[in-house]
Amino acid sequence: MRIGILTFHRAVNYGAFLQAFALKRHLETLGHQVEIVDYWPEGHADGYRLFPHSWKNRPFKGKIKFLVSLVLRYTRAKKRIDKMRELVKRHFNQDEEVRYQRAEALRGLTYDCVVYGSDQIWWKSTIPGYSGFDPAYWGEYVPETVKKVAYAPSMGIIDLTDADKEQIRKWLCNFDALSVRETGLYEAIRCLTDKEISVVLDPVFLLSKEEWSQYCRPVKRAKYILYYNLIASKEADALVERLEKEWRYDVVEVNGAVRPMKIGKRYVQTADAIDFISLIRNAELVVTSSFHGTAFSLIFEKQFYAIGMGKRSGRVESLLQRLGIVDRLIKDIVHLPNSNIDYSKLASLLDSQVLHSKKFLSYALNGG
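Along each chain, residues carry numbers from 1 onward, in the same order as the chain's sequence is written. Restriction of local features to residues with pLDDT of at least 70 applies here, the model being predicted, together with a cutoff of 80 or more for giving and counting side-chain atom pairs; totals for whole chains, interfaces and linings are based on all residues. Side-chain metrics in this entry use all non-hydrogen atoms of the structure; hydrogen atoms and water are not considered.

Caption draft 1: Looking closely at the overall build of the chain. Every helix listed is a DSSP run of H or I at least four residues long, and every strand listed is a run of E at least two residues long, numbered separately from the N terminus. A count of helices and strands for the chain gives 11 helices and 12 strands. Radius of gyration: over C-alpha atoms. The globule rule applied is 2.2 Å multiplied by the number of residues raised to the 0.38 power. For the chain, the C-alpha radius of gyration of 20 Å lies close to 21 Å, the compact-globule estimate for 368 residues. C-alpha extents for the chain along the principal axes are approximately 60 × 55 × 40 Å. Summarising the internal contacts of the chain: among those between residues at least 6 apart in sequence, 73% fall at separations of at least 24. Roughly 17,600 Å² of accessible area belongs to the chain as shown, and the carbon and sulfur atoms make up 49% of that amount. Here a residue-residue contact requires only that any non-hydrogen atoms of the pair lie within 4.5 Å. For every accessible area listed, the method is Shrake-Rupley and the probe measures 1.4 Å; residues are considered covered only by the protein chains on display.

Caption draft 2: View of the sheet that holds strand β4 (residues 147-150). With parallel pairing, the 6 strands of this open sheet are ordered in space as β2-β1-β3-β4-β5-β6. Edge positions in the open sheet fall to β2 (33-36) and β6 (197-199), since each of these has one partner strand only. Direction aside, neighbouring strands of the sheet carry axes that sit 25° apart on average. A pair of strands is treated as paired once DSSP finds two or more bridges between them. Bridge count between strand β3 (residues 113-116) and β4: 4 bridges; the pairing is parallel. Under this scheme, a helix contributes an axis fitted over its contacting stretch, all axes are lines through C-alpha atoms, and angles between N-to-C directions fall in the 0 to 180 degree range.

Caption draft 3: Representation of the sheet that holds strand β12 (residues 329-330) within the structure. Pairing in this open sheet of 6 strands is parallel, and the strands run β9-β8-β7-β10-β11-β12 from one edge to the other. Two strands bound the open sheet, and with one partner strand each, they are β9 (267-268) and β12. Those strands touched by helix α8 (residues 273-282) are β7 (224-229), β8 (250-255), β9 and β10 (285-288), and its axis lies near 140° from that of β7.

Caption draft 4: The packing of aromatic side chains, seen in detail. When two rings of Phe, Tyr or Trp (its six-membered ring) have centres within 6.5 Å they constitute a pair, described as stacked for plane angles under 30 degrees, edge-to-face for angles over 60, and tilted for the intermediate range. One pass over the structure, following the stated rule, counts 23 aromatic pairs. For the ring pair Phe8 and Tyr137, a centre distance of 5.2 Å and an interplane angle of 90° mean the geometry is edge-to-face. Of the two residues, Phe8 sits in the loop between β1 (2-6) and α1 (14-29) while Tyr137 sits in the loop between β3 and β4, which places them 129 residues apart along the sequence. By the burial criterion, Phe8 is buried, and Tyr137 matches it. With 5.8 Å between their ring centres and 35° between their planes, Phe21 and Trp212 make a pair best called tilted. Taken as a pair, Phe21 in helix α1 and Trp212 in helix α6 (residues 209-213) lie far apart in primary sequence, 191 residues in all. For the pair Phe21 and Trp212, one class covers both residues: buried. Through successive ring pairs, a cluster of aromatic residues spans Tyr14, Phe17, Phe21, Phe92, Trp212, Tyr215, Tyr228, Phe276, Phe296 and Phe300. Here, a charge over a ring is recorded when the distance from Lys NZ or Arg CZ to the ring centre is within 6 Å and its angle to the ring normal is within 35 degrees. Over the aromatic face of Phe291 sits the side chain of Arg181, whose NZ or CZ is 4.2 Å from the ring centroid. Think of it in three bands: residues with accessible area under 20% of the maximum for their type are buried, residues over 50% are exposed, and the middle band is partly exposed, with areas taken using a 1.4 Å probe on protein chains only.

Caption draft 5: Layout of the environment of Arg248. Note that Arg248 resides in the loop between α7 (234-247) and β8. We classify Arg248 as exposed; its relative accessible area is 75%. Along the primary structure Arg248 and Pro41 are separated by 207 residues, whereas in three dimensions their C-alpha atoms are 46 Å apart.

Caption draft 6: Looking closely at the nonpolar core. Buried residues of nine kinds, namely Ala, Val, Leu, Ile, Met, Phe, Trp, Tyr and Cys, make up a nonpolar core once their side-chain atoms join them within 4.5 Å. Counting 79 residues, the largest nonpolar core has Leu18, Phe205, Trp212, Phe296 and Leu298 as its most contacted members. Of all hydrophobic cores here, the second largest spans 39 residues; its members include Ala103, Tyr111, Phe133 and Ile189.

Caption draft 7: Representation of the packing of α1 against helix α3 (residues 60-92) in the model. Running from N to C, α1 and α3 point in directions that differ by 10°, and their axes come no closer than 11 Å. Taken together, the axes of α1 and α3 lie roughly parallel to each other. Contact residues: α1 offers Tyr14, Phe17, Ala20, Phe21 and Lys24, while α3 offers Arg80, Met84, Leu87, Val88, His91 and Phe92. Ten residues, namely Ala, Val, Leu, Ile, Met, Phe, Trp, Tyr, Cys and Pro, are considered nonpolar, four, namely Asp, Glu, Lys and Arg, are considered charged, and the remaining ones, Gly among them, are considered polar. Residue composition of the contact of α1 with α3, by class: 8 nonpolar, 1 polar and 2 charged. Comment on the angle field: the value is read as roughly parallel under 35 degrees, roughly antiparallel over 145, roughly perpendicular from 65 to 115, and oblique elsewhere.

Caption draft 8: Structural context of the pairing of β10. Residues Leu285 and Val287 point to one face of β10 and Val286 and Thr288 to the other, with burial holding for every one of them. The pairing of β7 with β10 spans 4 bridges and is parallel. Its bridge partner lying in β10, Ile225 is registered against Leu285. Viewed along the sheet, the connection from β10 through helix α9 (residues 291-299) into strand β11 (residues 304-307) turns out right-handed. A clockwise path from the first strand over the helix to the second, with the strands pointing away from the viewer, defines a right-handed crossover.

Caption draft 9: Expanded view of the side chain of Ser125. Within the element layout of this structure, Ser125 appears in the loop between β3 and β4. Polar side-chain contacts of Ser125 include one of 2.9 Å to the backbone oxygen of Tyr130. Leave out the neighbours within four places in its chain, and Ser125 touches Tyr130, Ser131 and Gly132. Each polar contact in these results corresponds to two N or O atoms within 3.5 Å; when the atoms are within protein, one needs to be able to donate a hydrogen and the other to accept it, and residues that are neighboring in sequence are counted only if both atoms are side-chain atoms.

Caption draft 10: Structural context of unusual backbone geometry. Residue Ser118 follows Gly117 across a cis peptide bond; omega there is 10°. Structurally, Ser118 is set in the loop between β3 and β4. Residues other than glycine seldom take positive phi values, yet Tyr141 does so here, at roughly 75°. Within the secondary structure, Tyr141 sits in the loop between β3 and β4. Positioned with a positive phi, Ala152 is a non-glycine residue whose angle comes to about 55°. Ala152 sits in the buried class, given a relative accessible area of 0%.

So, in structure tokens, the structure goes:
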């Protein structure tokens, strides 16, 4: 079967690349011919440029602040972007020029099936000029003759108006098989369709610890605590400071984007997605304010704390609840879990969730 995957594959974001990579790789192991559909509208692309067009809309002081920040971080940010683009080129066979910048161009797709997801493709954008949902990720434009499968899409913060719900009700009719990544999204949309909706795992779980390890690189550092500081949080900073004193290990900090003033041995500012998973694999302990930081901590069987996500914690909370370890989502750094995660007990539960997710995909592609 010829399958196209429609997702956020070009984002300069570790999780976005890794989930697309994992879904593509898994489908290929099932014998399918798989491509990432190179749909990347301007509203997405501009957010990951070193010098986005949207900077013109900033007030004068905002422009000055942006320019100063750009000068301070330019070399490191460009290196990181170039490394991520190289991964996209190598693993997705896509060059600098985007093939589909407009959703209307998707009408020409000739795949047997398009898989939509994962990541926050059902996000309600607040980008000026590109606000609202993108119908392209809801099964619009692609010909009716093409099977459409939603695999683990996410919405991020769920805040639906009545008008949103009516529109989504219509869009859900486009799909031949439906799944979502979070129980919260399941609860939000299950009343909008008569179709069965499965709750499945993020695609990164479709590859095993051993499979991911094959792609990892050596990490030349002494024992360390990895701090994946995606969302700035005073609570997360305080927890890391506490753990650094207790464990007496160095801290290696990775940020979601290059931060101008974070310079020194502690900060890894130019990592690509493979560097990222390599750092998790080799860490003694992980502190993360990220869903995919949590996911790869589980995959590599690390002791970890998830913290500092505020209203964005729903994705992590949903995952940890299903695995019975929601106490690893820290809301009070004074009272941490008393025991370590027992991965010998967790393994069977996670394996069953992975099997359920793989069965959903297999049936959606071949039996639905």
